[in-house]
Amino acid sequence: MMKKIVTVAEIKNGELRNISFETIAAAKIAANGGEVVSVLLGEQEKGITDALIQYGADRVIIVNHPQLALYTTDAYQQALLQIIELENPDGIFMGHTGNAKDVAPRIAMKLQSGLVSDVIAIEKNGEDVLFTRPIYSGKAFEKKKINNGLLFATIRPNNIASLEKDESRSGEVTSINVEIKDLRTIIKEVVRKTTSGVDLSEAKIIVSGGRGVKSKEGFKVLQELADALGGAVGASRGACDADYCDYSMQIGQTGKVVTPDLYIACGISGAIQHVAGMSNSKVIVAINKDPEANIFSIADYGIVGDLFEVVPLLVEEFKLVALH
Ligand SMILES: Cc1cc2nc3c(=O)[nH]c(=O)nc-3n(C[C@H](O)[C@H](O)[C@H](O)COP(=O)(O)OP(=O)(O)OC[C@H]3O[C@@H](n4cnc5c(N)ncnc54)[C@H](O)[C@@H]3O)c2cc1C
């Protein structure tokens, strides 16, 4: 049976995040030839909605409202509930991002529906839609099927490939007004930390450092490797707790969940809470001077050695490769 799926797009620094396209690709599978409607909340520009259609949305709904320019739980919840009531979809897909982790369970509660969170794969089995998600900190996976009611899911970034961009696609773009009232919080200003380089959550290559990096200075060596590879620098909580780097770089159960093509773990022991955030990386390289370190049990390639000797050698080699 064909289904109508609503996806919620996300913008960062004025641009659509890749997860917006990945949720559309996931929605296409669930829609089974039906309609995929992408919703964009905030204050939007025309070119941005075109991209949603080019990546597979059949229709785009723009909700422009001053209270949606900056994310708040109440405003987003109210706006999305009104769209859902209007569209009456068979499913709602959001990215498993900070905003959606906050708002999706509240919407599910209001709709008295279930919610499959942190989905990493989606497939059809006859008429059924199966959602795969990690459990026990990524040690196992479960496949969930929703027997009745809404197909409501949040999709983990970087796991479901977006469709090829097709510039010849066209679709309807409508603007809808929503009523937003009784806000319990109003965000007046967001002061962002200035970060340079590649965004960790969307990076294809991540060089991560742990307590073995030993200092803030040590992280500069990792930054050189990340720069040589066009990647981003991440960290274990051990390194963040030791004040070698900022908590915004923390990867793991209580940090960011990442799935790059290449993850290079330097001086990280491989505690289960760290592994929970990076074990789905496509290729894992571990550099650690302890041959018994747990990180080697999940690494595709292991280098037993002192990171302060190994990493500069890698930087040199990658720079040479880049020259040729
Ligand atoms: C509720 C909870 C949530 C948590 N959430 C997270 C989380 O989200 N992310 C996270 O990372 N952790 C998390 N932790 C912490 C986690 O349990 C570990 O303490 C932490 O990951 C350890 O960090 P580390 O591997 O950098 O440090 P360590 O365990 O101290 O390991 C350092 C490693 O560096 C190696 N090393 C030292 N010197 C060198 C050198 N010169 N060259 C090469 N290797 C060297 C050592 O052999 C060692 O293996 C959480 C813990 C709890 C209880």
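Residues numbered from 1 in each chain as written. Predicted model: local features only at pLDDT ≥ 70, side-chain atom pairs only at ≥ 80, totals over all residues. Heavy atoms only, no water.

A closer look at the overall build of the chain
Now for step 1: Counting its secondary structure elements, the chain contains eight helices and 17 strands.
Now for step 2: Computed over the C-alpha atoms, the radius of gyration of the chain is 21 Å, within 12% of the 20 Å expected from 2.2 N^0.38 for a compact globule of 324 residues.
Now for step 3: The burial tally for the chain puts 49% of its 324 residues in the buried class.
Now for step 4: Across the chain, contacts joining residues at least 24 apart in sequence account for 63% of those joining residues at least 6 apart.
Now for step 5: Carbon and sulfur atoms form 49% of the exposed surface of the chain, whose accessible area is close to 16300 Å².
Now for step 6: Positive and negative side-chain charges in the chain, numbering 34 and 41 respectively, have mean positions lying 5 Å apart. (Helix = DSSP H or I, 4+ residues; strand = E, 2+ residues; numbered from the N terminus. Rg over C-alpha atoms; globule rule 2.2 N^0.38 Å. Buried < 20%, exposed > 50% of the residue type's maximum accessible area, 1.4 Å probe, protein only. Contact = heavy atoms within 4.5 Å. Areas by Shrake-Rupley, 256 points an atom, 1.4 Å probe, with all protein chains shown as cover. Lys, Arg positive; Asp, Glu negative; His and termini not counted. Charge placed at Lys NZ, Arg CZ, Asp CG, Glu CD.)

Focus: the packing of aromatic side chains
Now for step 1: Summed over all chains, the structure comprises three aromatic pairs.
Now for step 2: Ring centres of Phe-21 and Tyr-55 lie 3.9 Å apart, and the angle between their planes is 25°; on these two criteria the pair is classed as stacked. Of this pair, Phe-21 sits in helix H1 (residues 18-31) while Tyr-55 sits in the loop between helix H2 (46-54) and strand E5 (59-64), and the two are 34 residues apart along the sequence. Comparing Phe-21 with Tyr-55, the two get one shared label, buried. (Phe/Tyr/Trp six-rings, centres within 6.5 Å; stacked < 30°, edge-to-face > 60°.)

Quick word on the side chain of Glu-87
Now for step 1: Within the fold, Glu-87 resides in helix H3 (residues 73-87).
Now for step 2: The class of Glu-87 is buried, set by a relative accessible area of 10%.
Now for step 3: At 2.7 Å, the side chain of Glu-87 and the side chain of Arg-59 are in polar contact.
Now for step 4: Ignoring any residue separated from it by four or fewer positions in sequence, one finds Glu-87 in contact with Lys-4, Val-6, Val-37, Arg-59 and Ile-61. (Polar contact = N/O pair within 3.5 Å; in protein donor to acceptor, adjacent residues only side chain to side chain.)

Some points on the pairing of strand E8 (residues 121-125)
Now for step 1: Here E8 runs beside strand E9 (residues 128-135); their pairing, made up of five bridges, is antiparallel. Looking across to E9, one finds that Glu-123 is bridged to Leu-130.
Now for step 2: Hairpin connection between E8 and E9: a loop of two residues separates the two successive antiparallel strands, and Gly-126 in this loop has a positive phi of roughly 65°. (Pairing = 2+ DSSP bridges.)

Here we look at the pattern of salt bridges
Now for step 1: All chains considered together, the criterion is met by 18 salt bridges.
Now for step 2: One salt bridge connects Glu-87 with Lys-4, and the closest N-O pair in it is separated by 2.7 Å. Placement of Glu-87 in helix H3 and of Lys-4 in strand E1 (residues 4-8) is noted, with a sequence separation of 83 residues between them.
Now for step 3: One salt bridge connects Arg-184 with Asp-74, and the closest N-O pair in it is separated by 2.7 Å. Here Arg-184, found in the loop between strand E12 (172-175) and strand E13 (205-209), pairs with Asp-74, found in helix H3; they are 110 residues apart in sequence, far enough to count as distant.
Now for step 4: Of the residues examined, Arg-184 reaches a relative accessible area of 66% and is grouped as exposed.
Now for step 5: In the salt-bridge network here, residues are joined through shared partners; they are Lys-4, Glu-35, Arg-59 and Glu-87. (Salt bridge = Lys/Arg side-chain N within 4 Å of Asp/Glu carboxyl O.)

Section: the layout of surface pockets
Now for step 1: Looking at the second largest pocket, its volume works out to about 330 Å³.
Now for step 2: Lining the second largest pocket are 19 residues, and of these Ser-236, Arg-237, Gly-238, Ala-271 and His-274 sit closest to its centre.
Now for step 3: Of all the secondary structure elements, the ones that give two or more residues to the lining of the second largest pocket are helix H6 (237-241) and helix H7 (272-278).
Now for step 4: Per-element accounting of the lining of the second largest pocket gives the leading share, three residues, to H6.
Now for step 5: When the residues that make up the lining of the second largest pocket are grouped by side-chain class, the tally is three nonpolar, 13 polar and three charged. (1 Å grid on protein atoms, 1.4 Å probe; cavity = no way out; pocket = protein on both sides within 12 Å on 5 of 7 lines; lining within 4 Å. Points joined across faces, edges and corners; volume = space filled by probe spheres on them. Nonpolar A, V, L, I, M, F, W, Y, C, P; charged D, E, K, R; others polar.)

Description of the domain arrangement of the chain
Now for step 1: The assigned domain composition of the chain is domain 1 (4-175) and domain 2 (205-323).
Now for step 2: Relative to domain 2, the C-alpha centre of domain 1 lies at a distance of 31 Å.
Now for step 3: At the interface, eight residues of domain 1 touch six residues of domain 2.
Now for step 4: Across the interface of domain 1 and domain 2, roughly 660 Å² is buried in total on both sides, 44% from carbon and sulfur atoms.
Now for step 5: Across the domain 1-domain 2 interface, the total number found is zero salt bridges. (Domains from an automatic or database assignment. Buried area = accessible area lost by both parts, 1.4 Å probe.)

So, the sheet that holds strand E17 (residues 301-304)
Now for step 1: Sheet architecture is open: five strands sit in the order E14-E13-E15-E16-E17, paired in parallel fashion. Two strands close off the open sheet at either side, each with one partner strand: strand E14 (232-235) and E17. Adjacent strand axes in the sheet meet at a mean angle of 20°, parallel and antiparallel pairs treated alike.
Now for step 2: Where E13 meets strand E15 (residues 262-266), five bridges bridge the pair, whose relative direction is parallel. Within E15, the position partnered with Gly-209 by the bridge is Cys-266.
Now for step 3: Helix-sheet contacts for helix H5 (residues 216-229) involve E13, E14 and E15, and the interaxial angle to E13 is about 170°.
Now for step 4: Contacting E15, strand E16 (283-288) and E17, helix H8 (residues 307-323) crosses the sheet at an angle of about 135° to E16. (Axes fitted to C-alpha atoms, helices over the stretch in contact; angles between N-to-C directions.)

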